[in-house]
Amino acid sequence: MKKTLAKLADGRELIYFDTDEGAVRDAPDLRPLDPVDSRPELRRDEATGDWVTIASHRQNRTYHPPAGECPLCPSRDGRLSEIPAADYEVAVFENRFPSLAGEAGRCEVVCFTPDHDAGFADLTPAAARLVLDAWTDRTAELSALPGVEQVYCFENRGAEIGVTLAHPHGQIYAFPFVTPRTAKMTAAAQAHRAATGRNLFEDLLSRARAATERVVTAGEHWTAFVPHAARWPYEVHLYPHRRVPDLTCLTEAERAEFPSVYLDLLRRFDRLFPVPETGVEAGAGTGTEAGTERSHKPAPTPYISAWHQAPRTHGEELALHLELFTIRRTPDKLKFLAGTESGTEAFINDVAPETAARRLREALA
């Protein structure tokens, strides 16, 4: 992997990751940009102890631009974007509209591919491995910054999730605090160790592998399974078989196998909800029907994919794993976080975890 550091016109950092050691990424950013002036504020909710970020400057961030004005595509044909190069493999840059900045952390954007119309599932194994290497590099760099407590790599996919840029990309947040879900997992793991003398996440993986009806796919080094108490209609956790705290601790064998397992999992998600493609049959000029069903094609599934890594402090019991879930529960229905989920954080799942796992296993059949 070759890593090339650059600067954008407003001083933000840009990093190219390439599989080709001979790749040259020296195109300058020619846009007339003012320096970024973002001052997010952290406030603590005294009722729960949770940190809340106030980032009012994000109201002006780019919102659903047309494909021809995508800021994540390469700069080509006179159109300048966040990526000055005319092409790239993987590019990472500081977010222009960050939720976290300065002493309050850092936010980065990860562009998985220059292809605007692709998705992560469309990547080759080599391209997916390069993204993994970029995540790993950024985890190492960001976790070493003063004040950073937790590095969180994630992808939001689909307008239903709230994505405002259609180009395939993810984000990395370097939090100056331990996030609420991570704090809960850490506390649960510590309590499990005190009660059993064992690690919680090793036991969760062992139970899932033993209860094969919840396993979706597995390799020599990774297993993807639906958790026993899944919160979302289709939710899968992907664990390395060897417990490690974060991405930097994976072995070469674990890194090499990850792309095939993860791409397989994403493609299963995209085949969960086939939708009918309709059209007017030839010679049906006097008919009253608008069209008849001709074929089925996979509908891209909206999802959130997130790496959970051990925080800097008190993270000894937390194990690296990826959580992937969709808010879609049927082809035409979404799982909304309404009164119980949003108001009390008490989840109600409409799909049995065993049924979800079976459907995902059958998705590529």
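Residues numbered from 1 in each chain as written. Predicted model: local features only at pLDDT ≥ 70, side-chain atom pairs only at ≥ 80, totals over all residues. Heavy atoms only, no water.

Help me out: how do you make sense of the environment of Leu 324 in this one?
Position of Leu 324 relative to the elements: it lies in strand E15 (residues 321–326). On the basis of relative accessible area, Leu 324 is assigned to the buried category, the value being 0%. The spacing of Leu 324 and Val 36 is 288 residues in sequence and 32 Å in space, taken between C-alpha atoms. Residues in contact with Leu 324, not counting those within four places in the same chain, are Tyr 234, Glu 235, Val 236, Leu 265, Leu 266, Phe 269, Tyr 303, Ile 304 and Ser 305. (Helix = DSSP H or I, 4+ residues; strand = E, 2+ residues; numbered from the N terminus. Buried < 20%, exposed > 50% of the residue type's maximum accessible area, 1.4 Å probe, protein only. Contact = heavy atoms within 4.5 Å.)

Sorry if this is basic, but what is going on with the environment of Thr 355 here?
Mapped onto the elements, Thr 355 comes out in helix H6 (residues 353–362). Separated by 129 residues in the primary sequence, Thr 355 and Val 226 have C-alpha atoms spaced 9.6 Å apart.

Got a minute to help me understand the sheet that holds strand E2 (residues 13–18) in this structure?
Hydrogen bonds along the backbone pair up the strands of a sheet, which may run parallel or antiparallel. Across the sheet, which stays open at both edges, the 11 strands sit in the order E1-E2-E5-E6-E8-E7-E14-E15-E11-E10-E9 with antiparallel pairing between neighbours. What marks the edges here is a single partner per strand, and that holds for strand E1 (2–7) and strand E9 (215–218). In this sheet, neighbouring strand axes are inclined to one another by 20° on average, regardless of whether the strands run parallel or antiparallel. Of the strand pairs in this sheet, strand E7 (residues 150–157) and strand E8 (residues 169–175) are connected by five bridges, and their pairing is antiparallel. (Pairing = 2+ DSSP bridges. Axes fitted to C-alpha atoms, helices over the stretch in contact; angles between N-to-C directions.)

What should I look at first to understand the pattern of salt bridges in this one?
Working definition: two side chains of opposite charge can pair if their charged atoms are close together. For the structure on display, the rule yields 32 salt bridges. For the salt bridge of Asp 137 with Arg 138, the shortest nitrogen-to-oxygen distance reads 3.1 Å. By the burial criterion, Asp 137 is buried, and Arg 138 matches it. The partner of Glu 160 in a salt bridge is Arg 328, and the shortest N-O contact between them spans 2.9 Å. (Salt bridge = Lys/Arg side-chain N within 4 Å of Asp/Glu carboxyl O.)

Sorry, what's going on with unusual backbone geometry here?
With glycine set apart, most residues show a phi of negative sign, and most peptide bonds adopt trans. We note that His 64 has phi near 45°; this positive angle belongs to a residue other than glycine. With respect to the helices, strands and loops of the structure, His 64 is situated in the loop between strand E4 (51–54) and strand E5 (90–94). What makes His 64 partly exposed here is its relative accessible area of 42%. If you check the backbone angles, Glu 345 has positive phi at about 60° while not being a glycine. Relative to the helices and strands, Glu 345 resides in the loop between helix H5 (339–344) and H6.

Got a minute to help me understand the pairing of E9 in this structure?
Regular strands place their side chains on alternate faces of the sheet. Across three bridges, E9 lies against strand E10 (residues 222–225) in antiparallel orientation. What sits directly across from Val 215, in E10, is Phe 225. Between E9 and E10, which follow one another and run antiparallel, lie three residues.

Any chance you could explain the nonpolar core here in plain terms?
As a rule of thumb, soluble globular proteins bury nonpolar side chains together. With 50 residues, the main nonpolar core has Phe 120, Trp 135, Val 236, Leu 238, Leu 247, Phe 258 and Trp 307 as its most contacted residues. Once residues lying within four places of it in the same chain are set aside, the contact partners of Phe 258 are Leu 132, Trp 135, Trp 222, Leu 238 and Trp 307. (Core = buried A, V, L, I, M, F, W, Y, C linked by side-chain atoms within 4.5 Å.)

Mind showing me how you'd approach the pairing of strand E6 (residues 106–111) here?
Burial runs high along E6: six of the six residues are buried. Because side chains alternate across E6, one face comprises the buried residues Arg 106, Glu 108 and Val 110, and the other comprises Cys 107, Val 109 and Cys 111, equally buried. Across four bridges, E5 lies against E6 in antiparallel orientation. Each residue of the ladder has a partner; that of Val 92, found in E6, is Val 110. Relative to E8, E6 is paired through six bridges, and the arrangement is antiparallel. The residue bridging Cys 107 from the neighbouring strand is Tyr 173, located in E8.

No statement about biological role is implied by the geometric values presented.
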